[in-house]
Amino acid sequence: MLQIEIDEGSGFCFGVTTAIKKAEEELAEGKTLYCLGDIVHNGMECERLRQMGLITINHNEMRQLHDVKVLLRAHGEPPETYELARRNNIEIIDATCPVVLKLQNRIKEQYNENLKPPTSARACSLSPSEATERNLKPQIVIFGKKGHAEVLGLVGQTKGTAIVMESFDEVKRLDFTRDIYLYSQTTKSLDEFHHIIDYIQQHISKEATFKSFDTICRSVANRMPNISRFAARHDLILFVCGRKSSNGKVLFNECLRVNPNTHLIEGPEEIDPSWLEDIGSVGICGATSTPKWLMEQCELRIKN
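Worth saying up front: this structure is predicted, and the values here are computed from it rather than measured.

Draft legend 1. Local environment of the overall build of the protein. Helix and strand counts for the protein come out as 12 helices and 12 strands. Seen through its C-alpha atoms, the protein measures out along the principal axes to roughly 75 × 50 × 25 Å. Evaluated residue by residue, the protein yields a buried proportion of 52% over its 304 residues. The contacts of the protein with a sequence gap of at least 6 include a subset with a gap of at least 24, amounting to 71%. Across the protein, the 37 positively charged side chains and the 42 negatively charged ones have centroids separated by 5 Å.

Draft legend 2. Representation of unusual backbone geometry within the structure. For Asn-89, which is not glycine, the phi torsion reads 55° and is therefore positive. Within the secondary structure, Asn-89 sits in the loop between helix H4 (79–87) and strand S5 (91–94). On the basis of relative accessible area, Asn-89 is assigned to the exposed category, the value being 52%. Of note in this structure, Asp-278 is not a glycine but carries a positive phi near 60°. Note on placement: Asp-278 falls in the loop between strand S11 (262–265) and strand S12 (281–286).

Draft legend 3. Structural view of the pattern of salt bridges. Tallying each qualifying case throughout the model produces 18 salt bridges. A salt bridge links Asp-175 to Arg-178; its shortest N-O distance comes to 4.0 Å. Because the salt bridges share partners, they merge into one network encompassing Glu-24, Glu-45 and Arg-48.

Draft legend 4. Spatial organisation of H4. Thr-81, Leu-84 and Ala-85 are the residues of H4 that are buried. End-on view of H4: buried residues confined to an arc of 100°, all on one side of the axis. Opposite the buried face of H4, at more than 90 degrees from it, the exposed residues are Arg-86 and Arg-87. Each element contacted by the buried residues of H4 is listed here: strand S2 (33–36), helix H3 (59–62), strand S4 (69–72) and S5. Asn-89, located one to two residues past H4, shows a positive phi value of around 55°.

Draft legend 5. Focus on the packing of aromatic side chains. In total, this model carries five aromatic pairs according to the counting rule given. When the centroid spacing of 6.3 Å and the interplanar angle of 15° are considered together, the rings of Phe-143 and Phe-193 count as stacked. Here Phe-193 lies in helix H8 (residues 190–203) and Phe-143 lies in strand S6 (residues 139–143), a separation of 50 residues in the sequence. Look at Phe-143 and you get buried, because its relative accessible area is 0%. For Phe-193, a relative accessible area of 0% gives the class buried. Here the aromatic rings of Phe-176 and Tyr-199 are separated by 6.1 Å at their centres, their planes lie at 55°, and the arrangement is tilted.

Draft legend 6. Just the side chain of Gln-110, in detail. Within the secondary structure, Gln-110 is located in helix H5 (residues 98–114). Excluding residues that lie within four positions of it along the chain, Gln-110 makes contacts with Ile-140, Tyr-181 and Tyr-183.

Draft legend 7. Quick peek at helix H7 (residues 149–156). H7 sits mainly inside the fold: seven of its eight residues count as buried. Three or more residues of H7 are buried, namely Ala-149, Glu-150, Val-151, Gly-153, Leu-154, Val-155 and Gly-156. For H7, the secondary structure elements touched by its buried residues are H4, H5, S6 and strand S7 (163–165).

Rules of the game
- Residues numbered from 1 in each chain as written.
- Predicted model: local features only at pLDDT ≥ 70, side-chain atom pairs only at ≥ 80, totals over all residues.
- Heavy atoms only, no water.
- Helix = DSSP H or I, 4+ residues; strand = E, 2+ residues; numbered from the N terminus.
- Buried < 20%, exposed > 50% of the residue type's maximum accessible area, 1.4 Å probe, protein only.
- Contact = heavy atoms within 4.5 Å.
- Lys, Arg positive; Asp, Glu negative; His and termini not counted.
- Charge placed at Lys NZ, Arg CZ, Asp CG, Glu CD.
- Salt bridge = Lys/Arg side-chain N within 4 Å of Asp/Glu carboxyl O.
- Arc of directions from axis to C-beta.
- Phe/Tyr/Trp six-rings, centres within 6.5 Å; stacked < 30°, edge-to-face > 60°.

As structure tokens, then:
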């Protein structure tokens, strides 16, 4: 008999759960509520909330709104979004994940610190203008996906001056003669982040400062070893996830590495019956943006 198991560790992270709860509470009162961007990178969950009344908008559409309520999702937003809301008398329901918010504040503090005259050994004998001319300004580096909502919010804390690296391959373009302050998008790979740290430590000038800040969300990072063990104990893995989810891509690739018989699906209608032939067990798992009810629908589809 075919055994089916849903991974208990999969499903919404704390930040996404909080954002959806806030949206549901507003909508339950019959209020008009806008959400800036998809509240979660899962088409079916977005459609469920749309049917409840949630209106998804982009930044251009927000500029045309006045005297309304707009929910900011867990990914966070740059300072410009809050300024726009103030000008247009928009009430913000801020569902920025606390982990992301803390990261934003740390980057903003470092950016403000960088605006002060340099005090390093190389620059102490130079005037602020001379130091600027010699380009001694520290580099704020963010390990993250270019264009991702969270990363846009982080870069916004530096008025667009932060350097974004998507992968280890890009580390070589940093200036190792200048100070480097390294941060990470909360959902990036912990192993790759440490790989980048090792490389910078080996190549940074002795006269430059390097500091790294492990800002990867542990509730996400811990899913990697857990999902590896889960994928290893089943004949077939169905990874349920929206194809726009960055976190989902990372976790899916880990499942695929451990178990080559892994398939990425967005919903139960994508399950191919031929996958189920001659297997003893199926594991169903997903990303931090995958609702539990969707994984349960996949289980029901297999049973039927």
